[in-house]
Amino acid sequence: MLGVLVRAALRPGVVRPRHLVRPVPQIPARSLVHQEGLPKLPVPPLKQTCERYLAMLEPIVSKEELEHTQGLVEEFLKGGVGERLQKRLERRGHKTENWLSEWWLQSAYLDSRMPLAVYTSPGVVLPRMHFHDRQGQMRFAAKLIAGVLEFKKMIDNNTLPVEYLGGKPLCMAQYYQILSSSRVPGPKKDTLVNHAIGKKPPTHITVVHNFQFFVLDVYNSDGSPLTVDQIYMQLEKIWNSSLQTNKEPIGILTSQHRNTWGKAYNNLIKDKTNKESVRSIQKSIFAVCLDAPMPSVSDELYHSRVAAQMLHGGGARWNSGNRWFDKTLQFIVGEDGTCGLVYEHAPSEGPPIVFLIDYVVNYMQKTEMVRAPMVPLAMPQKLRFNITPEVKRDIEKAKQNMNIMVHDLDVKVLSFSHFGKNVPKRHQMSPDAFVQMALQLAYFRMYKTCCSTYESASLRMFKYGRTDTIRTVTVDSLKFVQAMEDSAHKDTEKVALLQKAIQTHREYTNNAIHGQAIDRHLLGLKLQSIEDLTSMPEIFMDTSYAVALHYNLSTSQVSSKTDCVMCFGPAVPDGYGVCYNPMEEHINISITAFNSCEETHAAKFAQVVEDALLDMRALLEDTAKAKQ
Ligand code: COA
């Protein structure tokens, strides 16, 4: 998904302390065999990108704008600027392991100043649990922690199975960045630290309850992980020593605009105790947030409410202070049976996170708590914070801003139960392209126009690959949605247009995952120009480019075996964030928007998406029946 806007280029020559995440992540030796065999991300041919750029603009800009841009592109190609930048980019491609990954990490994430909560960090909604009592919640959390530690074993022993896409092995580097890591705020830009790399990797996790943070050592002195039973006992101790509900929600500071948090952070860690507490959270393997119950809602609204809780915690009164948003992985287990997670996006995309979830859920289903005689374990250490008047003022500001954010976020989780991947597959169509066309149809029905649309495509076929953009809106997708809204078209024509639109989408997807999409290439040319300190080429100052990057629909498929759904905020103030998990017989879809925008409405859009999916199925089935 997108979540953040690209802002500025890297300052060259920044010196990095050892524990900071490197442009090329450090992978344990055995995995290097597989990693080394991965191809390098190519720099696509310049002319191809320029042609595809103009084709992409056709359905989303006016005829006049397109003509103007054609002129600029011609100038870019013929005037020598494009060629010069292309050569520089190709040289960067030869010299580095991946010409894009460091630029992407910086420009898409670490330079972004928007808050992590809602704007950048995706949440995952897991199926509701029905805890009968607090012990149920603790047992669940204990098993979950044990499951993540079991997963960590595969990372530590280099036994993580290599993933494949379209028959090709994928880069596994992201898995090595999600544990023991944290984002660190800076007044102008952030950094990412990974403590798994150092000589003494951490052996503790962070547990937070009633806004109070604890260090929970999860390994015995012989290096073996604590058993589920042991973890459970430790969680009980944490719970019992954090019953007071009047504590300052220090964690809410991490939800602020990054400049604000960067300044507040420096202020906070002036105090030695605070600094040690913050370092302990940053170093921990992951965090577990034991959330207080939220106001109950109807079954219909339940998943939407949980999605909001994952994205922001529900507000200053509720669980927003029960987080450390900088922490890469935070699992959330609520007293009321709510469970899920929120993750900091800079080190990883969604698929490795849901792979971990699938593993942990499977582990939890298999594992029973075995009560065994236990050696008494030390009380988990409570992290102390000295709240100076300045820190208190920063917390109050963060609370206000969080409450504004909570009121502004509009979320709807649609559990589409009528069909899943099975229907498009039956009609020899890609389920992903089918859902994308339904989103297009829904948007067109609601707004009588199409919009710039982002879909994430994985670049993990390449070493240290992250994502590129699939441009769903094409001349073919537009023809299809127009035909659906025009009764003059026969059903057979509509089916033919749907098939064509889906085929075009599949071709784009195929190009994207093979490194031949246009967006990261254009970004690379732009960043190269900034790095070379040359004047910015006109094509990047053009209205069409701004329109192309204004993603009213920011979408992503994140599929999993577990019946869950990922969610993330919109990329623009007047847009939607849409994430979907197509399962075999149903589809989980999360939709977000901002209440401050009068034109968007998550629940209405969800309804129109549902209708679009049903209409597309009816179209295919009626047409097939008519042929018989
Ligand atoms: N007829 C019948 N079946 C078809 C078909 C057709 N024409 N086309 C595809 N299928 C099947 C596939 O074989 C596959 O089967 P499976 O369920 O047994 O695995 C299934 O339908 C899904 O294929 P499809 O819907 O085409 O999607 P995909 O799995 O190829 O995924 C992307 C497409 C773009 C989502 C994927 O390439 C990708 O890049 N994923 C990563 C996205 C990402 O990083 N998101 C996170 C950002 S934070």
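Treat the numbers as computed from the prediction; the structure is a model and nothing was measured. (Residues numbered from 1 in each chain as written. Predicted model: local features only at pLDDT ≥ 70, side-chain atom pairs only at ≥ 80, totals over all residues. Heavy atoms only, no water.)

Right, let's talk about the pairing of strand 8 (residues 287-291) for a bit. The element strand 8 is extensively covered by neighbouring structure, given that five of its five residues are classed as buried. The two faces of strand 8 match: Ala287, Cys289 and Asp291 on one face and Val288 and Leu290 on the other face are all buried. Pairing between strand 6 (residues 204-209) and strand 8: four bridges, direction parallel. Paired with His209 across the strands is Leu290, a residue of strand 8. As a crossover connection, the stretch from strand 8 through helix 10 (residues 299-312) into strand 9 (residues 329-334) is right-handed. (Buried < 20%, exposed > 50% of the residue type's maximum accessible area, 1.4 Å probe, protein only. Helix = DSSP H or I, 4+ residues; strand = E, 2+ residues; numbered from the N terminus. Pairing = 2+ DSSP bridges. Right-handed = clockwise from strand over helix to strand, strands pointing away.)

With that settled, the discussion passes to the packing of helix 5 (residues 101-110) against helix 17 (residues 519-531). Axis separation between helix 5 and helix 17 bottoms out at 11 Å; the angle between their running directions is 85°. Taken together, the axes of helix 5 and helix 17 are roughly perpendicular relative to one another. Judged by residue contacts, Trp103, Trp104 and Ser107 of helix 5 engage Arg520, Leu523, Gly524, Leu527, Gln528 and Glu531 from helix 17. (Axes fitted to C-alpha atoms, helices over the stretch in contact; angles between N-to-C directions. Parallel < 35°, antiparallel > 145°, perpendicular 65-115°, else oblique. Contact = heavy atoms within 4.5 Å.)

This next bit is on helix 17. With 13 residues, helix 17 extends 18 Å between its outermost C-alpha atoms, agreeing within 8% with the 18 Å of an ideal straight helix rising 1.5 Å per residue. Of all the 13 residues making up helix 17, 11 are buried; the element is thus mostly covered by neighbouring parts of the structure. Residues Asp519, Arg520, His521, Leu522, Leu523, Gly524, Leu525, Lys526, Leu527, Gln528 and Ser529 constitute the buried set of helix 17. Immediately downstream of helix 17, the backbone of Leu533 shows phi near 55°, a positive value. (Expected span 1.5 Å × (residues − 1).)

All right, on to helix 16 (residues 491-513) then. Helix length check: helix 16, at 23 residues, gives a terminal C-alpha distance of 33 Å against a target of 33 Å (1.5 Å per residue), a fit within 8%. Here the buried face of helix 16 lies against strand 2 (164-165), helix 14 (431-447), strand 13 (453-458), strand 14 (467-471), helix 15 (475-484) and helix 19 (602-627). Backbone geometry just after helix 16 places Gly515 at a positive phi near 80°.

So, on to the environment of Met583. Tracing the backbone shows Met583 in the loop between strand 17 (576-582) and strand 18 (587-594). Exposure remark for Met583: the relative accessible area of 12% places this residue in the buried category. Taking the C-alpha atoms as reference points, Met583 and Ser417, separated by 166 residues in sequence, lie 10.0 Å from one another. Those residues in contact with Met583 that lie beyond four places of it in its chain are Gly420, Lys421, Ser560, Lys561, Thr562, Asp563 and Asn588.

What follows is about the domain arrangement of the chain. You can read the domains of the chain as domain 1 (3-108 + 417-627) and domain 2 (121-254 + 267-408). A C-alpha centroid distance of 31 Å is found between domain 1 and domain 2. Counting from both sides, the interface comprises 45 residues of domain 1 and, opposite them, 47 residues of domain 2. Between domain 1 and domain 2 lies a buried interface of about 3,700 Å² when both sides are counted; carbon and sulfur atoms form 59% of it. (Domains from an automatic or database assignment. Buried area = accessible area lost by both parts, 1.4 Å probe.)

Moving on, we get to the packing of aromatic side chains. Centre distance and the angle of the planes are the two values used to describe a pair of aromatic rings. In the structure shown here, the tally under the stated rule is 22 aromatic pairs. For the pair Phe76 and Phe540, a centre-to-centre distance of 6.2 Å together with 80° between the ring planes defines the contact as edge-to-face. With Phe76 in helix 3 (residues 63-78) and Phe540 in the loop between helix 17 and helix 18 (543-549), this pair connects stretches of sequence that are 464 residues apart. Residue Phe540 is classed as buried on the basis of its relative accessible area of 9%. (Phe/Tyr/Trp six-rings, centres within 6.5 Å; stacked < 30°, edge-to-face > 60°.)

This brings us to the packing of helix 15 against helix 16. Packing of helix 15 against helix 16 leaves a shortest axis separation of 8 Å and a crossing angle of 155°. By the angle class used here, helix 15 and helix 16 are roughly antiparallel. Read as a crossing pair, helix 15 and helix 16 show a hand that is left-handed. Together, Asp476, Ser477, Lys479, Phe480, Ala483 and Met484 of helix 15 and Lys494, Leu497, Leu498, Lys500, Ala501 and Thr504 of helix 16 make up the contact between the two elements. In the contact of helix 15 with helix 16, the residues fall into six nonpolar, two polar and four charged. (Left-handed = near helix turned anticlockwise from the far one by under 90°. Nonpolar A, V, L, I, M, F, W, Y, C, P; charged D, E, K, R; others polar.)

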